[in-house]
Amino acid sequence: MSPQDQALSFTLNGRPVTAAIDRHRLFLDLLRDELGLRGPKYGCGRAQCGACTVLVDGQPARACVLRAARLEGREVVTLEGLAGDDGLHPVQQAFVARQAAQCGYCLNGMVMSAVALLRANPAPSREEIRQGMRDNLCRCGTHKEIIEAVERAAEILAAGEGTAHV
């Protein structure tokens, strides 16, 4: 460990993780380069597109601007942590069912933001979904399908058809 390195311990997708990091390291770099997770994507590097979204203590956070050192003792869930032994998370199920991806680059952020939205508001109106997803960009234009997928995920969760792992 160099003088700028520090030990970082946090929970990632339900498992404890300890890593030696430079205190200035971005969390997205740690996730992708050291921990091998490919769900969160580098999009803009300015917290404006949402491709890098993860859940930190249940709230959406932009990993491209988040210093890894700020995650000490926190609980982080990435796209890879949503599915359980019994299958995909209901939001993932709905995105597949509604074909709510074209190139898929924004998919990580859309799914993670939808999970957080539905946890805070299990029965959002279409306008509340638009507002809840407004900070995620899709350059392919699948916003209509994305909104429909979030509506379907809310239905799945309300009916108890899927298992919400997170």
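See the structure printed just above.
This write-up is about the structure you can find in this document. (Residues numbered from 1 in each chain as written. Predicted model: local features only at pLDDT ≥ 70, side-chain atom pairs only at ≥ 80, totals over all residues. Heavy atoms only, no water.)

Topic: the pairing of strand E1 (residues 5-12)
Pairing analysis gives 8 bridges linking E1 to strand E2 (residues 15-22), with the strands arranged antiparallel. Residue pairing for E2: Ser-9 is matched across the bridge by Thr-18. The antiparallel hairpin formed by E1 and E2 contains 2 residues in its connecting segment, where Asn-13 sits at a positive phi of about 55°. As judged from the 2 bridges shared by E1 and strand E5 (residues 75-77), these two strands associate in the parallel manner. Bridged to Thr-11 within E5 is Glu-75. (Pairing = 2+ DSSP bridges. Helix = DSSP H or I, 4+ residues; strand = E, 2+ residues; numbered from the N terminus.)

With respect to the pattern of salt bridges
Across all of its chains, the model carries 7 salt bridges by this definition. Of the charged contacts in the structure, one is a salt bridge between Asp-33 and Arg-25, with a shortest N-O distance of 3.7 Å. Taking the shortest distance from any N to any O, the salt bridge between Arg-130 and Glu-127 comes out at 3.4 Å. Residue Arg-130 and its partner Glu-127 are located together in helix H4 (residues 126-133), separated by 3 residues, close to a single helical turn. (Salt bridge = Lys/Arg side-chain N within 4 Å of Asp/Glu carboxyl O.)

Remarks on the packing of aromatic side chains
Aromatic ring pairs: the centre-centre distance and the angle between the two ring planes describe each pair. By the definition in use, this model includes 1 aromatic pair. Taking the centre distance of 5.6 Å and the plane angle of 75° together, the rings of Phe-10 and Phe-27 count as edge-to-face. Residue Phe-10 is found in strand E1, and its partner Phe-27 is found in helix H1 (residues 27-34); the two are separated by 17 residues along the sequence. Relative accessible area serves as the criterion here: at 3%, Phe-10 is assigned to the buried category. (Phe/Tyr/Trp six-rings, centres within 6.5 Å; stacked < 30°, edge-to-face > 60°. Buried < 20%, exposed > 50% of the residue type's maximum accessible area, 1.4 Å probe, protein only.)

Examining the sheet that holds E1
Across a sheet, paired strands are connected by hydrogen bonds in the backbone, their directions being either parallel or antiparallel. Pairing is mixed across the open sheet formed by 5 strands, whose spatial order is E2-E1-E5-E3-E4. Each of the sheet's edge strands pairs with one partner strand only, and the pair in question is E2 and strand E4 (59-62). Across the sheet, the axes of successive neighbouring strands diverge by a mean angle of 40°, strand direction being ignored. Of the pairings in the sheet, the one linking strand E3 (residues 53-56) to E5 comprises 2 bridges and is antiparallel in character. By the bridge assignment for E5, Val-56 is matched with Val-76. Sheet strands in contact with H1 are E1, E2, E3 and E5, and its direction is about 80° off that of E1. Contacting E3, E4 and E5, helix H3 (residues 107-120) runs over the sheet at an angle of about 35° to E3. (Axes fitted to C-alpha atoms, helices over the stretch in contact; angles between N-to-C directions. Contact = heavy atoms within 4.5 Å.)

A closer look at the packing of H3 against H4
Two elements in contact, H3 and H4, have axes whose closest approach is 10 Å; the angle formed by their N-to-C orientations is 125°. In terms of orientation, H3 and H4 fall into the oblique class. Relative to H4, H3 is oriented so that their crossing is right-handed. When H3 is examined against H4, the residues Met-110, Ser-113, Ala-114 and Leu-117 are found in contact with a partner set consisting of Glu-128, Ile-129, Gly-132 and Met-133. In terms of residue class, the contact of H3 with H4 is built from 5 nonpolar, 2 polar and 1 charged. (Parallel < 35°, antiparallel > 145°, perpendicular 65-115°, else oblique. Left-handed = near helix turned anticlockwise from the far one by under 90°. Nonpolar A, V, L, I, M, F, W, Y, C, P; charged D, E, K, R; others polar.)

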